[in-house]
Amino acid sequence: MEKKLKDLREEYLKIPIPKELNDVVQAALNKKPRKKPGVGRNILVTAAAALLIVTASVNISPVAAKAMSDIPIVEKVIKVITFVEWKEEANNSSAVIKTPAISGLGNKQLEDSLNDKYLSESKQLYKEFTDSMSKLKEGEKGNLSVESGYVILTDNETILSVQRYTDTIQASSSTESQFDTVDKKNEVLLTLNSLFKDDRYLQVISENIKEQMKRQMAEDPEKIYWVEDDDFTAFKGIDENQNFYINEDGKLVIAFNSYEAAPGYMGAVEFIIPTKVLSDLLVGDQYIH
């Protein structure tokens, strides 16, 4: 077992970032520029000494697949595991990055594409952190904290919903998340479009969210959403690429990152959309009910 895990670790380190995935990740990271400090020369030594823990692996490559198949205790069920966990502390800055992996899917193309994406995201986040550190002057403190991980939001007979999040603290804080929802029976990745008959859902959901925003602000003066009609920063509506997931109760949840729909102090916000609002638009009640 120890030798197999060692082999898996070595295999992980050899995995390149696919160019297409790297472009997608880089574009996402560049979407909202952050202030980036630098670091002293010794950071390269520190980075080289970063703690890399391989806790498990999945079918990310043929070698890894073969190694995992030889371990008898692995059950043939769909699950999410921690592939690697990386930690570093230097120059009054820290980073903790956990990379998830999905195992047990019969659709290996889907499994591999998701796991490649998660690995690519983690590698890019690692690069962003070390690049920030490398720009610090000698003796300068970065005062940067980055924590990236995942949460299994829903795991039942039909649905697997996984959230990957990144919390960044430097002067202010922000949270960015991405979500994947998998149909476990048909082994396909669900998109927001795939849940509805046509694009009428975009306006219906957008209007419902605006109503929820206004109601929450009326009930709690400490809550603020960018929803005023005369505000150029106001929330206009969702699009087909909107973050979403399906919760354990079979409800559609629309998610926003920090600063997308509200001031930063509100953090990431979510809105549960009542199914009765969507019932005439859904292609069926298998997922949302």
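Quick note: structure is the one above.
Everything in this summary refers to the structure shown in the same document. (Residues numbered from 1 in each chain as written. Predicted model: local features only at pLDDT ≥ 70, side-chain atom pairs only at ≥ 80, totals over all residues. Heavy atoms only, no water.)

### Quick word on the overall build of the protein chain
Helix and strand content of the protein chain: 7 helices and 10 strands. Accessible surface, the protein chain as shown: approximately 15,500 Å² in total, 52% of it carbon and sulfur. (Helix = DSSP H or I, 4+ residues; strand = E, 2+ residues; numbered from the N terminus. Areas by Shrake-Rupley, 256 points an atom, 1.4 Å probe, with all protein chains shown as cover.)

### Brief notes about unusual backbone geometry
In this structure, E187 is a non-glycine residue whose phi angle is positive, near 55 degrees. By the element assignment, E187 lies in the loop between β6 (172-183) and β7 (188-189). Not every positive phi belongs to a glycine, and Y259 is a case in point at roughly 75 degrees. Considering the arrangement of structural elements, one finds Y259 in the loop between β9 (252-256) and β10 (269-273).

### Some points on the environment of Q286
In this structure, Q286 sits in the segment after α7 (275-278). By relative accessible area, Q286 is classed as partly exposed at 42%. Distance from Q286 to G250, taken between C-alpha atoms, is 8.8 Å for residues 36 residues apart in sequence. (Buried < 20%, exposed > 50% of the residue type's maximum accessible area, 1.4 Å probe, protein only.)

### Observations concerning the side chain of S161
Following the sequence through the fold, S161 ends up in strand β5 (residues 159-170). Polar side-chain contacts of S161 include one of 3.4 Å to the backbone oxygen of I246. Apart from the residues within four sequence positions on either side, S161 is in contact with V151, I152, L153, T154, D180, T181, Y245 and I246. (Polar contact = N/O pair within 3.5 Å; in protein donor to acceptor, adjacent residues only side chain to side chain. Contact = heavy atoms within 4.5 Å.)

### Section: the packing of aromatic side chains
The final tally for this structure, using the stated rule, is 7 aromatic pairs. The interplanar angle of 5 degrees and the centroid separation of 4.4 Å between the aromatic rings of F196 and Y201 together place this pair among those described as stacked. F196 gets classed as buried once you look at its relative accessible area, which sits at 5%. A residue is classified by how much of its surface remains accessible, and Y201, at 0% relative accessible area, is buried. Between F256 and F271, the ring centres sit 6.0 Å apart and the planes meet at 80 degrees, which makes this aromatic pair edge-to-face. Remark: F271 occurs in strand β10 and F256 occurs in strand β9; sequence separation between them is 15 residues. As far as the burial class goes, F256 and F271 line up, both buried. Aromatic rings pair up to connect Y225, F235, F256 and F271 into one cluster. (Phe/Tyr/Trp six-rings, centres within 6.5 Å; stacked < 30°, edge-to-face > 60°.)

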